[in-house]
Amino acid sequence: MENLAFALVISSRKLRPYFQAHSIEVLTNYPLRKVLAKPEASTRLLKWSVELSQFDIKYKPRSAIKGQALADFILEFPSTEVALVEEKIDTNVPNGEGWTLYVDGASNTEGSSGRIILISPNNFKVHAALRFEFSASNNEAEYEALIAGLKLAIEMKIEYLQAFSDSQIVVCQVNGEYLARGEHLAKYLEIVCELLQKFKKVVVSRVPRAHNSHADALARLASTREAELLDVIHVDVLTHPTVSRDEVMEIDVSRKVTWMTPIITYLEKDILPDDKIEARKLRHRAARYVIYDGRLYRRSFSQPLLKCIDGEECDYILREVHGGISGNHTGGNSLALKIMRQGYYWPTLRQDAFNFAKKCDKCHRIATYVNQPPSDLHSITSPWPFAVWGIDLIGDSLKGKAESNTLLSRSTTLPNGPKQRH
């Protein structure tokens, strides 16, 4: 009891402005008020009772914890221990390589959501919450959460995975024990089976809801409207379902031939041109490229892998980097270097950047032009033309025989000036 009283006294000292301005309600199941009010209390308790008497403190019994508050507490302070189903763990997985995946979906009147917990062999946890902006049933929400968890594991290059879900229908359909009733669930099952083929070893098992409490509580929490106020974990929003409800006809589009085609063909199939010179050039160029996840990247000495692009993507990146949200209308050389720092490359990057910068209308309108001449100007020291000749009038004009006027003048030679006759 002294510890509780001491905690209350320390709280009043630390939060004195709040204790003085408001009525304080202390929720406790211990008779703290009676202990402080006893006259035969110890000297320490009596001293604390006198100190607390200046505040308006009301002691009330603690009520039951609501389910929502419990879910909030589990979300903010997850347990370090995760319940595993020992009899379902696959013993053929190599030690240190098996990951564990817990998924759960929830659907109610306020919305649908999913929850993913991915646990490494070293007990490192990756949390992900999903919120669906489309209507989905419980089974569809379970499938969406399972698909998102499998995609996350594939992106992390996980080869051995044990997936757990508390949905008996989804687990049994994936394992082939139940048939997928309905065209919509059949499409979901087909996508899950395609994702499972990308693992070396994967086991999908059913776990009781009590052992899947973390994912279940957070899935229900993500589906509520108050989840945005928690700001504890990032919630991803899915605007469209993985399986489209509309039938779409597939069109076979031939692969467009670009500058990347010969390099990809050589790296994937080891096919070279018939010309020996071209084959040697292609082999030398292909040493600078690598294929990663089906995409061609260019290697660099001091930069990460540069994504190779072509066609409309080049024009789009030029527009965005040059005059987009973060664009500052840089010149051609700076534009090319900035695009490379963003992680993109194509062979004519520098030339295209110079041409794009020259054609930019805003750059021409707002650019600062230099009006200084290319060479120094030489000023004329003479006040009027032909001043260096030294021509002056010395008399009136004389009339000749043909009544023409003759102008008498005198010419002198000035320094650095031409010579003239009188």
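What counts, and at which threshold
- Residues numbered from 1 in each chain as written.
- Predicted model: local features only at pLDDT ≥ 70, side-chain atom pairs only at ≥ 80, totals over all residues.
- Heavy atoms only, no water.
- Patch = residues over 30% accessible without salt bridge, like charges linked within 9 Å, V, L, I, M, F, W, Y side chains within 5 Å.
- Areas by Shrake-Rupley, 256 points an atom, 1.4 Å probe, with all protein chains shown as cover.
- Salt bridge = Lys/Arg side-chain N within 4 Å of Asp/Glu carboxyl O.
- Helix = DSSP H or I, 4+ residues; strand = E, 2+ residues; numbered from the N terminus.
- Pairing = 2+ DSSP bridges.
- Axes fitted to C-alpha atoms, helices over the stretch in contact; angles between N-to-C directions.
- Contact = heavy atoms within 4.5 Å.
- Buried < 20%, exposed > 50% of the residue type's maximum accessible area, 1.4 Å probe, protein only.
- Core = buried A, V, L, I, M, F, W, Y, C linked by side-chain atoms within 4.5 Å.
- Phe/Tyr/Trp six-rings, centres within 6.5 Å; stacked < 30°, edge-to-face > 60°.

Trainee: Go over a nonpolar patch on the surface with me, naming the residues and quoting the values.
Mentor: A cluster of nonpolar side chains, namely Met1, Leu4 and Tyr30, defines an oily patch on the protein surface of about 290 Å² accessible area. Mapped onto the elements, Leu4 comes out in helix α1 (residues 2–14).

Trainee: Go over the sheet that holds strand β10 (residues 295–298), please, and point to the residues and values.
Mentor: Pairing in this open sheet of four strands is mixed, and the strands run β9-β10-β11-β12 from one edge to the other. In this open sheet, the two strands that pair with only one neighbour each are β9 (289–292) and β12 (344–345). Sheet topology places strand β11 (residues 306–308) next to β12; two bridges connect them, and they run parallel. Across the sheet, residue Cys308 finds its bridge partner in β12, namely Tyr345.

Trainee: A description of the sheet that holds strand β5 (residues 125–132) should follow, citing residues and the corresponding values.
Mentor: With mixed pairing, six strands are arranged side by side in an open sheet as β7-β6-β3-β4-β5-β8. What marks the edges here is a single partner per strand, and that holds for β7 (201–206) and β8 (235–238). Shown here is a sheet whose adjacent strand axes are inclined to one another by a mean of 20°, direction ignored. Relative to β5, strand β4 (residues 111–119) is paired through eight bridges, and the arrangement is antiparallel. Bridge pairing in β5 links Leu118 to Val126. Running over the sheet, helix α6 (residues 138–155) touches β3 (98–108), β4, β5, β6 (160–165) and β8 and is turned about 150° from β3.

Trainee: How would you summarise the environment of Cys360 if you had to cite specific residues and measurements?
Mentor: Mapped onto the fold, Cys360 is located in the loop between α14 (349–359) and α15 (361–366). Residues Cys360 and Gly323, 37 residues apart in the sequence, show an inter-C-alpha distance of 9.1 Å.

Trainee: Give a description of the pattern of salt bridges that names residues and reports values.
Mentor: Within this structure, the stated rule accounts for five salt bridges. The salt bridge partner of Glu183 is Lys187, with a shortest N-O separation of 3.8 Å. Here Lys187 and Glu183 lie together in helix α8 (residues 183–196), a separation of four residues that amounts to about one turn. Glu183 gets classed as exposed once you look at its relative accessible area, which sits at 54%.

Trainee: An account of the nonpolar core is requested, with residue identities and associated values reported.
Mentor: Counting residues in each nonpolar core, the largest one holds 34 residues, and the members touching the most others are Leu101, Tyr143, Leu150, Leu161, Val174 and Val192. Elements that contribute at least two residues to this core include exactly β3, β4, β5, α6, β6, α7 (168–174) and α8. Sort the elements by how many residues they give to this core and α6 lands first, with eight residues. Other than its neighbours up to four places away in sequence, Leu150 contacts Leu101, Leu161, Val192, Leu195, Leu196 and Phe199.

Trainee: How would you explain the packing of aromatic side chains if you had to name every residue and give the values?
Mentor: Scanning the entire structure with this criterion turns up eight aromatic pairs. An angle of 20° between the planes, with centres 5.3 Å apart, marks the rings of Tyr102 and Phe164 as stacked. Here Tyr102, found in strand β3, pairs with Phe164, found in strand β6; they are 62 residues apart in sequence, far enough to count as distant. In this pair, the class of Tyr102 matches that of Phe164, namely buried. Aromatic side chains Trp259 and Tyr345 sit 6.3 Å apart centroid to centroid with 80° between the ring planes, which places their arrangement in the edge-to-face category. Note that Trp259 is positioned in the loop between β8 and α10 (261–269) and Tyr345 in strand β12, a separation of 86 residues in sequence. Considered together, Trp259 and Tyr345 belong to a single accessibility category, that of buried residues. Through a chain of ring-to-ring contacts, three or more aromatic side chains come together here, namely Trp259, Tyr289 and Tyr345.

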